[in-house]
Amino acid sequence: MGFEFSGKTAVVTGGANGIGHACARALALGGASVWILDLERENPVKAAEEIGARAAIADVTDRNTIEAALDQSGPPDILVANAGTVVFHELGNTTRAHWDRVISVNLTGMFETVQAVAARMKPRRRGSIVLTASTNSFDGEAALIAYNASKAGVLGILHTAANELGPYGVRVNAVCPGLIRTRLTSAAFDDAAVLKDYFRQIPLGRGGEPAEVANAVAFLASDLATYITGAALLVDGGQLACKFGTWNERDASFHQDHWELK
Ligand SMILES: NC(=O)c1ccc[n+]([C@@H]2O[C@H](COP(=O)([O-])OP(=O)(O)OC[C@H]3O[C@@H](n4cnc5c(N)ncnc54)[C@H](O)[C@@H]3O)[C@@H](O)[C@H]2O)c1
């Protein structure tokens, strides 16, 4: 798919892996000058080299590192605020340390990133910000209380930033991925029995690939979306549209990682 980002500077947090890396690749393919911001241990320099991008070491929980990275990249035209993490614990077993870790990256880190970038976009009266939220912004998947709270909170950032930045020509949107094949979800993707049950609830009968999220991000970031702001775009194969499940053995069979009609 062809998007046009020539002459634009794009910054992608959490761009060394998974969905972020696919977004960085899509933006670079469209001609953007892309900067990957990520933790040093994730080797963002190597990840950037693979796609003709540049890298800056940044931890979204540390504002100074975000500011330093943005000074390196110059004021971005596009921000993909995507860095995220997850811990799996039920409510009763979630410690304050678990909670703080997830909230500090997914929610506070998102706030710090958006605030720092907005300050650079506002004077230029243009910009497009895309946040990585989740289907978990809307549901209560078990053992993910901190993650679900963080991703619900991202919608608060989305709506408020879209409202406040619209007058400055800065659009703010979000993608809400369902189950996407990355290292964050490898335990599920490695287990066909888990996938079979999980994908019963997905009208398209399968999980998503990072590039499929990246296409949605590229669209929202692009000039094809000039009248879209404050939107949360589900990229979930229809999962949240499907209240009681889609697939059953009577009409369909499961093949390795997807359902197919008989
Ligand atoms: N994979 C899914 O099914 C799925 C579904 C919905 C939403 N998401 C969201 O998509 C985003 C990307 O996740 P992914 O699945 O690609 O996982 P991933 O682990 O492959 O990528 C996450 C990236 O964020 C970076 N990161 C983590 N903490 C950071 C910090 N403090 N500062 C800077 N970078 C940091 C990681 O180093 C990594 O490169 C996350 O926000 C995640 O919550 C993922």
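Residues numbered from 1 in each chain as written. Predicted model: local features only at pLDDT ≥ 70, side-chain atom pairs only at ≥ 80, totals over all residues. Heavy atoms only, no water.

For this particular structure, what's the right way to read the pattern of salt bridges?
Side chains that carry opposite charge are capable of pairing whenever their charged atoms lie near each other. What the rule picks out here adds up to 18 salt bridges. Among the ionic pairs, R63 bridges to E112, the shortest N-O distance being 2.5 Å. Of this pair, R63 sits in helix α3 (residues 63-73) while E112 sits in helix α4 (residues 96-121), placing them 49 residues apart in sequence. On the basis of relative accessible area, R63 is assigned to the partly exposed category, the value being 22%. By relative accessible area, which is 18% here, E112 ends up buried. (Salt bridge = Lys/Arg side-chain N within 4 Å of Asp/Glu carboxyl O. Helix = DSSP H or I, 4+ residues; strand = E, 2+ residues; numbered from the N terminus. Buried < 20%, exposed > 50% of the residue type's maximum accessible area, 1.4 Å probe, protein only.)

Teacher, can you tell me more about α3 here?
Along an α-helix, residues three or four apart share an orientation, since each turn contains 3.6 residues. Taken as a whole, α3 has its buried residues at I66, A69, L70 and S73. Take α3 and look down its axis: the buried residues cluster within an arc of 100°, on one side only. Exposed side chains of α3 directed beyond 90 degrees from the buried face belong to N64 and D71. Buried residues belonging to α3 abut β1 (9-13), β2 (33-38), β3 (54-57) and α4. For α3, the N-terminal cap is D62; the gap from its side-chain oxygen to the backbone nitrogen of N64 is 3.1 Å. Where α3 ends, the next residue or the one after it, G74, has phi of about 80°, a positive value. (Arc of directions from axis to C-beta. Contact = heavy atoms within 4.5 Å. Polar contact = N/O pair within 3.5 Å; in protein donor to acceptor, adjacent residues only side chain to side chain.)

Can you walk me through the site of the ligand in this structure?
Residues in close proximity to the ligand total 27 residues, the closest being N17, D38, Y147, I180 and T182. In this structure, an oxygen atom belonging to the ligand sits 2.8 Å away from a side-chain N or O atom of N17. Contact with the protein chains removes 96% of the 820 Å² of surface that the ligand exposes when unbound. Among the secondary structure elements, those contributing two or more residues to the shell around the ligand are α1 (18-29) and α5 (145-165). Each residue belonging to the shell around the ligand can be placed in one class, and the counts come to twelve nonpolar, ten polar and five charged. (Near = heavy atom within 4 Å. Areas by Shrake-Rupley, 256 points an atom, 1.4 Å probe, with all protein chains shown as cover. Nonpolar A, V, L, I, M, F, W, Y, C, P; charged D, E, K, R; others polar.)

Would you mind showing me how to read the side chain of T9 here?
Note that T9 resides in strand β1. With near-sequence residues (within four places) excluded, T9 lies in contact with S33, W35, S73, G74, P75, P76, D77 and I78.

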